[in-house]
Each structure stands twice: as structure tokens, then as C-alpha cells.
Amino acid sequence: MSEEKDKIKEFIEPGSEIIGGVAGSAIGLLSAGLAGAIVGGAAGPIITRIFRRTCLDLYQRVTGYREKVRGGATAAYALVNISERIKNGESVRDDNFFDSETRRSSADEILEGVIIKSRNDHEEKKAKFYANIFTTSAFDKRFTPESINHALVIAQRLTYRQLCLLHLFSEPQPIQLRNQDYCGVGQNVGWETVPILAEIMDLYSASLLRCLEPGASTGRALIGMSDIYPAWMRRTSVGNRLHHLMQLQTLQKDDLINIAKSLL
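Residues numbered from 1 in each chain as written. Predicted model: local features only at pLDDT ≥ 70, side-chain atom pairs only at ≥ 80, totals over all residues. Heavy atoms only, no water.

(A) Inspection of the overall build of the chain at higher detail. In terms of helices and strands, the chain carries 12 helices and two strands. Sequence-ordered secondary structure for the chain, helices as α and strands as β, is α-α-α-α-α-α-α-α-α-α-β-β-α-α. Relative to the globule expectation of 18 Å for 264 residues, the C-alpha radius of gyration of the chain, 20 Å, shows essentially globular dimensions. For the chain, the C-alpha atoms occupy an extent of roughly 65 × 35 × 30 Å along the three principal directions. By sequence separation, contacts in the chain at least 24 residues apart represent 77% of the contacts at least 6 residues apart. Here the chain has roughly 12400 Å² of accessible surface; of this, 49% comes from carbon and sulfur atoms. Distance between charge centroids for the chain: 1 Å, based on 32 positive and 31 negative side chains. (Helix = DSSP H or I, 4+ residues; strand = E, 2+ residues; numbered from the N terminus. Rg over C-alpha atoms; globule rule 2.2 N^0.38 Å. Contact = heavy atoms within 4.5 Å. Areas by Shrake-Rupley, 256 points an atom, 1.4 Å probe, with all protein chains shown as cover. Lys, Arg positive; Asp, Glu negative; His and termini not counted. Charge placed at Lys NZ, Arg CZ, Asp CG, Glu CD.)

Set out below in C-alpha cells:
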């Protein structure tokens, strides 16, 4: 057991570079043993067991230090958030998501996928939001394993800035954006605005965003970047689901402001 604790600590501890003391809290939860590590009746030992065996398994497969930083941070952040939500009175999903009596559970597979996707993503600011996918899934049974896996594929494909854009295009928008398109602007578009517009087009092409004029029931077609109307951009239902899974409302406000400056 002492050897297992050492391996878990070695896997998670590097994550402190991203999430600070949260990594230590997670190590404490997992080192406390299966019984009572997380408050919440039967759910505590089950969740703790899933995290322990996933961390031990991935410990054997993670070699690079930065991979350990990202993977450890994601596992720790998810575990501590789940623990806090249970302590605050929330109940984990009551379907077969955590059922592992006869087979590997969906929770095992999703947690492994979340950590691996984060581990392989060089944008370390995304680590917390990969973790949020598992945390949200643990409490919201509307998300099936199939839809969660699809969300993971999308999340890995998006840049951190695109995650910020998904939140900037909430309704109402948290920061007021440009209230006209870019037709006729030509070379006067800002240096950093151009790649941001390209990222918006990617989100539009992936059916995560639409351009909806106030009062209209159907979206405006975007043929090119010059058609983008920042103040009219809104998430689609697919975009809303990803936003909820990743809890993008918790993004750093400074990051949102810096991106919004290029869309004024």
C-alpha cells in the first residue's frame, strides 16, 4: 500500500505547477484510503477507488515531466471538486455510470480519457476544463458516456482561446463586442483580430456557434470571416452542452478581456 501511495503522489504532485495546493489536497484524499476519503455515503469509496486505480494505471504510461504536470493537475482538480460538491450536499448520478461490479465502469473510461486528452494537450490552461468534463459528468446523468466522449474529441480540437470565445458568446454576452461585421474593412482589421476571426469561423463550421440577429429566429449564414458580427454570435445547443460540461463560466476574466479587445 505504501508503494501505491508513493506512485499516486508522484503522479499527482507535479500538477501543483498548474493548480497549486489543490494537488496536495487530492493526494491527501487518495492517501486516506477508500473508507471515508470523500464524504457521501457509498459514493465516496467508489469514486476514490476509480481515481486510485486510474492514477496508478496511468503512472505506468506517463514518462515526460510536462505530461505528469498536466495529467496530475487534471486528476487532482477533478477529485477535489467532486469531493467539495459532495460535501456541499450534491449527489452523484444514480444510474450505472459508476457501476464496476461486473465490468470496467463508464466512469473509469471517461476519467482515463479526460486525463489522457489533457496530458497530450500542450495548452496547460485547458487542464482544469478537461477536469470539469469528468466532474460535471459525475453529477449530471443527462450526459451519456457516448456524448461525453464526443465532447472530449471536440475539446481537444479547440484552442484555449476558442474556449474563451465560447463563453464570450453567451447570452447575454459578458463583455460588449463589436456591433457590426467586417465587410469593407479590408486591411484595416487588427493584426490579432484576423486569427481570432479564423477561430470563430472554425467554431461556426463545427456547429458550436451561430450568428443570430436580435429578434430573428434563424441564423445568418457566414460565408467568410468578414461576415462575422461579434455582437450577434451565440452558442448552438451543441456549444451550450460543451460550455456546461467544461464549466467555461469559470474562465479567467483577464483572458476574456484580452480576447474581447480584438473584437470591439
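(B) Broad picture of unusual backbone geometry. A cis geometry characterises the amide bond from Glu171 onward to Pro172, with omega recorded as 0 degrees. One non-glycine residue, Ser207, adopts positive backbone phi at about 65 degrees. Within the fold, Ser207 resides in the loop between α10 (193-205) and β1 (209-211). Of the residues examined, Ser207 reaches a relative accessible area of 43% and is grouped as partly exposed. Although it is not a glycine, Gln247 sits at a positive phi angle of roughly 55 degrees. (Buried < 20%, exposed > 50% of the residue type's maximum accessible area, 1.4 Å probe, protein only.)

(C) Fine view of the environment of Gly28. Counting through the fold element by element, Gly28 comes out in helix α3 (residues 22-31). As for Gly28 and Lys9, which are separated by 19 residues in sequence, their C-alpha atoms are 9.1 Å apart.

(D) Spatial organisation of the pattern of salt bridges. According to the stated counting rule, one finds 20 salt bridges in the structure shown. With a closest N to O distance of 2.9 Å, Arg93 and Asp95 form a salt bridge. You can call Arg93 buried: its relative accessible area is 6%. Put simply, Arg161 and Glu192 hold a salt bridge, and the shortest N to O gap is 2.5 Å. Of this pair, Arg161 sits in helix α9 (residues 160-168) while Glu192 is found in the loop between α9 and α10, placing the two residues 31 residues apart along the sequence. With relative accessibility at 21%, the residue Arg161 sits in the partly exposed group. (Salt bridge = Lys/Arg side-chain N within 4 Å of Asp/Glu carboxyl O.)

(E) Seen up close, the nonpolar core. Ile12, Phe134 and Ile200 are the most contacted members of the largest nonpolar core, which has 83 residues in total. No other element matches the nine residues that helix α5 (residues 65-87) contributes to this core. Once you skip the residues sitting within four places of it in the chain, Phe134 turns out to touch Phe51, Ala78, Ile82, Phe97, Phe98, Ala107, Ile110, Leu111 and Val114. (Core = buried A, V, L, I, M, F, W, Y, C linked by side-chain atoms within 4.5 Å.)

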